[in-house]
Amino acid sequence: MQQILYLLQKEFRQVFRDRAMLAIMFIAPIMQTIVLGFSMTVDVKNIRLIIFDADQSVLSRELGRSFANNPYFDFLGYAEAPQELRDQLDRWQTQIGIHIDRDFSRNIQRGERASILLMLDGLDGNTAGIAAGYAQGILAEFAQGIGQRASTIRMALSGLPGTANMRSRPTPVTPVTSETRFWYNLNLNSKNYMVPGLIGVLLTVVTLFLTSMGLVREKEIGTLEQLMVTPITSTQLIVGKVLPFLLIGFVELNVMLAAAFVIFDLQLAGSYLLLVGVAQLYFLTTLGLGIFISTLAETQQQALFISWFFMIFIILMSGFFTPIANMPDFWQMVTYLNPARYFISLIREIFLKATPINNLWREIIPLAIFGVVILSASTLKFKKRIS
Amino acid sequence: MQTHIAIEHFSKNFDGVEAVKNISLSVSKGELFGLIGPDGAGKTTTMRSLCTLLPVEQGELSIVGLDVRKEVRRIRSRIGYMPQRFSLYPDLSVEQNLLFFADLFGVPKQEKFQRLQELYHFSKLEPFKKRLAKQLSGGMKQKLALSCTLIHTPEVLILDEPTTGVDPVSRREFWLILKKLRDDGVTILVSTPYMDEALLCDRVAFMHKGQILALDKPDKIGRLFPYALYEISSSAPQKIQNHLQSQPSVQTVHIFGDRVHASFRESLSAEQLATIQRTAPEPIAAMRQIEPGIEDTFLELMKQVE
């Protein structure tokens with residue numbers, strides 16, 4: 001026990017000696033939380049729009065106004081000719097081009113099917129999909145407003161990936177309206193979703209990198225061997241090397257929570273203790289992985305690259321940015337092997353929904369199992385390597 | 001005399017390559033024993049095995065009577081090992097490094113500071129105790145490393161090329177410290193590639209390609225030299241060497257600085273000497289028979305193995 005304290009003391013002396021490293025450890029995560037928290041948003045706003053109105057009727061103008069007045073769209077103006085829509089899309093001047101048919105108002109008045117064509121820049125499929133959804137909504141509202149019960153307006157989509165020239169179901173003009181209410185994140189504010197996830201990601205980076213680099217550094221400068229000829233056991237050595245990073249991870253968590261509260265005005269809906277407990281459980285995995293990497297790498301440079309390699313998968317397959325439900329089935333199964341998947345989901349659940357622990361066992365148990373297995377396997381491998 | 005280090009029929013393979021081939025030696029308590037030999041001779045492997053850092057498969061190794069295979073932790077608290085490369089924390093100060101190792105070795109608090117003073121005294125590092133290890137000169141780094149291995153007053157010291165890359169003044173100073181430790185009863189096994197350092201040891205073992213080719217007191221090693229040796233002074237030693245190499249009566253020719261050492265099967269007569277001097281391509285200033293030194297012997301022994 002005493003030996004572990006000496007190792008801890010030494011480790012913290014080294015950490016505090018290195019001012020640059022200290023800055024990287026604490027200022028960098030805050031900066032990243034701020035910059036990424038504000039910039040990494042999945043909100044779709046200010047969708048650039050132009051309209052070609054072949055009909056030039058009262059009704060078509062009214063439809064144009066419905067789009068122009070909608071806050072999600074940024075109406076750039078009317079096109080002179082139909083091919084202008086295509087040109088503007090090609091030149092990235094606009095994201096959506098709407099072509100209103102020549103027979104639009106006549107068809108509506110006759111009670112026949114009227115149609116418009118929506119051309120979307122499908123380069124960013126996510127944005128295009130959301131924009132199409134908004135357009136559909138506007139159309140439904142419009143149809144209802146003109147009160148043409150008998151008629152339907154069909155919207156043809158073009159440009160969405162995988163749905164080239166897909167025809168949407170005709171928007172029926174029904175008296176029933178639905179109103180959507182989003183729970184837990186009333187305004188669908190991306191920050192509420194991204195910042196907690198971001199905290200999870202940054203904790204992964206800090207603990208994984210620091211552990212692997214810290215151990216490999218001892219190997220690189222030869223002190224690991226010097227430690228091995230002292231009477232300390234390899235278990236004491238590992239505990240002494242890993243514990244500081246566990247503490248640093250805990251401090252980082254609090255620093256980032258403070259940033260989330262102060263800068264993003266977020267509130268921790270759930271239990272702080274539960275969040276801390278879950279984070280410590282997750283650190284078992286990242287520290288274990290760090291130890292594992294240190295057995296593979298001989299130099300800090302190698303450790304950095306291997307850590308990076310693992311980290312890309314851990315983060316991109318965690319559901320932090322791309323919802324897991326959107327992945328192909330097989331890859332969804334693979335994410336069950338990713339401990340970060342559970343952690344990111346837990347941190348969001350606790351942060352936004354205040355989910356009580358009883359409803360979280362489904363995530364906590366696998367997280368704990370992964371942590372214990374990875375940490376003990378790496379420790380065994382590490383011991384084998386040094387003795 | 002008590003045996004402090006015993007190696008019996010020790011061999012070590014790395015992936016099928018024999019690094020050490022069946023060596024045996026023993027070092028008595030308070031002896032300064034040198035392992036001499038070129039790079040790749042097996043010195044480091046032997047030392048690391050003694051320090052319990054490598055698994056021992058073949059042969060018996062023991063330190064202060066303890067089996068290296070079985071008594072790992074007890075051995076580690078009684079030996080001091082200094083690896084070839086500087087292996088301390090560059091970002092900790094001299095004092096922090098010393099105290100850290102004192103703590104790990106479990107040196108009691110009351111003894112710790114007294115021990116520190118003793119180590120500062122002989123290493124003369126006290127004025128630099130607040131300095132970071134990475135800011136020390138090469139010689140001071142080695143003295144700090146030695147101090148760290150001495151912090152727990154080990155009975156046996158194992159030093160792997162402690163003076164490689166250190167300036168001549170620091171080297172001499174370092175060896176004076178070793179002699180003093182030896183006089184205090186510490187058993188020292190030290191490896192070095194420098195022949196002049198071999199002369200400072202009580203006994204040396206010459207290792208080459210995993211084998212011990214000679215083991216004796218340094219002044220007796222020369223007796224193993226099988227030929228009559230002559231030293232030739234000339235302003236063009238290279239030309240003399242080239243010339244002698246083509247002579248059938250010459251066994252070996254080596255350049256030692258500005259001199260040439262040439263050996264013959266038997267001592268030369270005055271007539272033979274005169275012939276050599278006369279036929280030399282460059283004037284020979286002096287040629288005289290000398291006692292073979294340790295280096296002559298090692299070069300010869302190495303040649304015999306190859």
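Residues numbered from 1 in each chain as written. Chains lettered and ligands numbered in written order. Predicted model: local features only at pLDDT ≥ 70, side-chain atom pairs only at ≥ 80, totals over all residues. Heavy atoms only, no water.

*Asks:* Please explain the overall build of chain A as it appears in this structure.
*Replies:* In terms of regular secondary structure, chain A is built from 14 helices and five strands. Classification of the 387 residues of chain A by burial places 47% in the buried group. By sequence separation, contacts in chain A at least 24 residues apart represent 76% of the contacts at least 6 residues apart. In the form shown here, chain A has an accessible surface area of approximately 19200 Å², with 60% of it arising from carbon and sulfur atoms. (Helix = DSSP H or I, 4+ residues; strand = E, 2+ residues; numbered from the N terminus. Buried < 20%, exposed > 50% of the residue type's maximum accessible area, 1.4 Å probe, protein only. Contact = heavy atoms within 4.5 Å. Areas by Shrake-Rupley, 256 points an atom, 1.4 Å probe, with all protein chains shown as cover.)

*Asks:* Explain the nonpolar core here, please?
*Replies:* Nonpolar side chains in soluble globular proteins tend to be buried together. Of all hydrophobic cores here, the largest spans 144 residues; its most connected members are Ile 199 of chain A together with Leu 146 of chain B. A total of 14 residues in this core trace back to one element, the largest contributor, which is helix α7 (residues 190-221) of chain A. Ignoring anything within four residues of it in the chain, the contact list for Leu 146 of chain B reads Met 82, Phe 122, Leu 157, Leu 159, Phe 174, Ile 177 and Leu 178 of chain B. Core analysis: the next-biggest nonpolar cluster, separate from the first, contains 25 residues, Leu 59, Leu 63, Ile 100 and Ile 146 of chain A among them. (Core = buried A, V, L, I, M, F, W, Y, C linked by side-chain atoms within 4.5 Å.)

*Asks:* Would you explain the environment of Lys 219 of chain A in this entry?
*Replies:* With respect to the secondary-structure elements, Lys 219 of chain A resides in helix α7. Lys 219 of chain A sits 75 residues away from Ser 294 of chain A along the chain, and the two C-alpha atoms are 8.6 Å apart. If sequence neighbours within four positions are ignored, Lys 219 of chain A has contacts with Leu 224, Ser 294, Thr 295, Ala 297, Glu 298 and Arg 385 of chain A together with Arg 85 of chain B.

*Asks:* Is there a simple way to explain the confidence of the model for chain A in this structure?
*Replies:* The predicted coordinates of low-pLDDT regions are not to be read in fine detail. Across chain A, the average pLDDT comes to 83, with 88% of residues at or above 70. For chain A, strand β5 (residues 153-158) of chain A is the element with the lowest average pLDDT, namely 66, and helix α10 (residues 272-296) of chain A is the one with the highest, namely 94. (pLDDT = per-residue confidence, 0-100.)

*Asks:* Can you walk me through the domain arrangement of chain A in this structure?
*Replies:* Note: interface size is frequently given as the accessible area lost on complex formation between the parts. Domain annotation of chain A identifies domain 1 (2-41 + 189-386) and domain 2 (47-167). On a C-alpha basis, the centroid separation for the pair domain 1 of chain A and domain 2 of chain A is 48 Å. (Domains from an automatic or database assignment.)

*Asks:* Help me understand the sheet that holds strand β3 (residues 32-36) of chain B in this model?
*Replies:* Strand-to-strand pairing in sheets goes through backbone hydrogen bonds, with the strands running parallel or antiparallel. Residues and elements named next belong to chain B. Pairing is mixed across the open sheet formed by six strands, whose spatial order is β6-β7-β8-β3-β9-β10. Every other strand in the sheet has two partners, leaving β6 (79-82) and β10 (211-216) as the edge strands with one partner each. This sheet shows a mean twist of 15° between the axes of neighbouring strands, independent of strand direction. With four bridges connecting them, β3 and strand β9 (residues 203-208) associate as parallel partners. Bridge pairing in β9 places Phe 33 opposite Arg 203. (Pairing = 2+ DSSP bridges. Axes fitted to C-alpha atoms, helices over the stretch in contact; angles between N-to-C directions.)

*Asks:* Could you clarify how one ought to interpret the side chain of Asn 338 of chain A in this entry?
*Replies:* Residue and element names in this part refer to chain A. Positionally, Asn 338 belongs in the loop between α12 (329-335) and α13 (339-353). According to the relative accessible area criterion, Asn 338 is buried, its value standing at 7%. Non-local contacts of Asn 338, meaning those with residues more than four positions away in its chain, are made with Phe 313, Ile 314, Met 317 and Ser 318.

*Asks:* What exactly am I supposed to notice about the interface of chain A and chain B here?
*Replies:* Facing 24 residues of chain A, the contacting portion of chain B comprises 25 residues. Regarding the contact of chain A and chain B, the summed buried area is about 2500 Å², with carbon and sulfur atoms giving 57% of it. Considering only the side of chain A, the residues that lose the most area to chain B are Gln 226, Val 229 and Pro 231 of chain A, jointly responsible for 26% of the buried surface there. Connecting chain A to chain B are two salt bridges. Its salt-bridge partner being Arg 217 of chain A, residue Asp 91 of chain B comes within 2.7 Å of it at the nearest N-O pair. Remark: the boundary between chain A and chain B carries 13 residue pairs in polar contact (both at pLDDT 80 or more). Elements with a minimum of two residues in the side of chain A that touches chain B: α1 (2-17), α7 and α8 (223-228) of chain A. (Buried area = accessible area lost by both parts, 1.4 Å probe. Salt bridge = Lys/Arg side-chain N within 4 Å of Asp/Glu carboxyl O. Polar contact = N/O pair within 3.5 Å; in protein donor to acceptor, adjacent residues only side chain to side chain.)

*Asks:* Would you take a moment to explain a nonpolar patch on the surface for this structure?
*Replies:* Residues and elements named next belong to chain A. A grouping of Ile 357, Trp 361, Ile 365, Ile 369 and Val 373 is seen on the molecular surface, where their side chains present a nonpolar patch of about 460 Å² in accessible area. Examined against the element boundaries, Ile 369 turns out to sit in helix α14 (residues 361-386). Among the residues examined, Ile 369 registers a relative accessible area of 52% and is labelled exposed. (Patch = residues over 30% accessible without salt bridge, like charges linked within 9 Å, V, L, I, M, F, W, Y side chains within 5 Å.)

*Asks:* What's the story with helix α4 (residues 109-123) of chain B in this structure? I'm lost.
*Replies:* Because the α-helix completes a turn every 3.6 residues, residues three or four places apart line up on one side. All names here are of chain B. For α4, which comprises 15 residues, the first-to-last C-alpha distance of 21 Å matches the rise-based estimate of 21 Å (1.5 Å per residue) to within 8%. Along α4, the residues classified as buried are Lys 112, Arg 115, Leu 116, Leu 119, Tyr 120, Phe 122 and Ser 123. Buried residues along α4 cover an arc of 165° about the axis, so they all sit on one side. For α4, exposure combined with an orientation more than 90 degrees from the buried face picks out Gln 110 and His 121. Among the structural elements, α3 (94-104), α5 (138-150) and α6 (168-183) are those in contact with the buried residues of α4. Two residues or fewer past α4, Lys 124 is found with a positive phi of approximately 60°. (Expected span 1.5 Å × (residues − 1). Arc of directions from axis to C-beta.)

*Asks:* I'm lost on unusual backbone geometry in this one. Help?
*Replies:* Trans is the common state for peptide bonds, and a negative phi is the common state for residues other than glycine. Its identity is not glycine, yet Asn 22 of chain B carries a phi of approximately 45°, on the positive side. What makes Asn 22 of chain B partly exposed here is its relative accessible area of 47%.

*Asks:* How should I be thinking about the sheet that holds strand β5 (residues 66-67) of chain B in this particular structure?
*Replies:* Residues and elements named next belong to chain B. Read from one edge of the open sheet, four strands run β2-β1-β4-β5, paired in antiparallel fashion. In this open sheet, the two edge strands, each paired with only one partner strand, are β2 (17-28) and β5. Packing against the sheet, helix α1 (residues 43-50) makes contact with β1 (3-14), β2 and β4 (58-63), and its axis sits at approximately 120° to β1.

*Asks:* Would you mind showing me how to read the packing of α7 of chain A against α13 of chain A here?
*Replies:* To describe two helices that pack against each other, one gives the angle between their axes and the distance between the axes. Residues and elements named next belong to chain A. Put simply, α7 and α13 touch, their axes get as near as 9 Å, and they point 135° apart. Here α13 runs oblique to α7, going by the angle between their axes. α7 and α13 meet at a crossing whose hand is right-handed. In contact with Asn 192, Tyr 193, Met 194, Pro 196, Gly 197, Ile 199, Gly 200, Val 201 and Leu 203 of α7, α13 contributes Phe 343, Ile 344, Ile 347, Arg 348, Phe 351 and Leu 352. Classifying every residue of the contact of α7 with α13 gives eleven nonpolar, three polar and one charged. (Parallel < 35°, antiparallel > 145°, perpendicular 65-115°, else oblique. Left-handed = near helix turned anticlockwise from the far one by under 90°. Nonpolar A, V, L, I, M, F, W, Y, C, P; charged D, E, K, R; others polar.)

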